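Each chain, letter by letter, is given below.
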Amino acid sequence: MELRERIAEGLKDAMRAKSADRLSTLRLIIAAIKDREIAMRNEPDGGTVGNAEILAILARMIKQRHESVRAYEEAGRLELAEKESAEIKVIEEFLPRQMDSAEVSAAVDAAVAATGATGIRDIGRVMAELKARYLGQMDFGAVGPLVKARLT
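Residues numbered from 1 in each chain as written. Predicted model: local features only at pLDDT ≥ 70, side-chain atom pairs only at ≥ 80, totals over all residues. Heavy atoms only, no water.

Student: Can you break down the packing of helix H1 (residues 3-17) against helix H3 (residues 51-75) residue by residue, with the values?
Tutor: Packed helices, taken two at a time, are described by the angle between their axes plus the distance between the axes. Here H1 crosses H3 at 55°, and the two axes come no closer than 9 Å. Between H1 and H3, the angle is such that the two are oblique. Together, Leu3, Arg4 and Ile7 of H1 and Asn51, Ile54, Leu55 and Leu58 of H3 make up the contact between the two elements. Looking at side-chain class alone, the contact of H1 with H3 contains five nonpolar, one polar and one charged residues. (Axes fitted to C-alpha atoms, helices over the stretch in contact; angles between N-to-C directions. Helix = DSSP H or I, 4+ residues; strand = E, 2+ residues; numbered from the N terminus. Parallel < 35°, antiparallel > 145°, perpendicular 65-115°, else oblique. Contact = heavy atoms within 4.5 Å. Nonpolar A, V, L, I, M, F, W, Y, C, P; charged D, E, K, R; others polar.)

Student: Which residues make up the pattern of salt bridges, and what values do they have?
Tutor: A side chain with one charge may pair with a side chain of the opposite charge, provided their charged atoms come close. Evaluated as defined, the whole model comprises twelve salt bridges. For Arg22, the salt bridge identified is with Glu93, shortest N-O distance 2.9 Å. Here Arg22 is found in helix H2 (residues 20-40), whereas its partner Glu93 is found in the loop between helix H4 (78-92) and helix H5 (101-115), with 71 residues between them in sequence. For the salt bridge of Arg65 with Glu87, the shortest nitrogen-to-oxygen distance reads 2.7 Å. (Salt bridge = Lys/Arg side-chain N within 4 Å of Asp/Glu carboxyl O.)

Student: Which residues make up the nonpolar core, and what values do they have?
Tutor: Formed by 23 residues in total, the largest nonpolar core has its most connected members in Ile7, Leu26, Ile29 and Leu58. Elements with a contribution of two residues or more to this core: H1, H2, H3 and H4. If sequence neighbours within four positions are ignored, Ile29 has contacts with Ile7, Leu58, Met61, Ile91 and Phe94. Counting residues in hydrophobic clusters, the runner-up holds 16 residues, among them Ala107, Val108, Phe140 and Val147. (Core = buried A, V, L, I, M, F, W, Y, C linked by side-chain atoms within 4.5 Å. Buried < 20%, exposed > 50% of the residue type's maximum accessible area, 1.4 Å probe, protein only.)

Listed below in structure tokens is the structure:
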């Protein structure tokens, strides 16, 4: 089942279960996807948003919510932090399984070998290779320093 269909099914299930919080989060996901489709209309190859783009949207949404949780906790607004954390859990249901550290290390080694990277100047190519293969499966903010350490 395609990711867009899974999200639509999740929306229907949330409506049937009368789960207001889950329903609002799923509606936010669908709205973000539609916003991206509207933005793509003006591009020369503008078409529909594919799974890779949806995964990128979901990853951005999770990153935004993590930042919001941190800000709310610092401000002492724990109820809002809990709401954001609940939204993160709903969004994560649609992402692929996250890789553990051993799998990430092996993926970095494979990407370095595949690109023929030899030095620090090749970090961009290695990161592009990782993003093409493992989008949504790893935290690229944490992978960047690993790639840099591997290439120095």
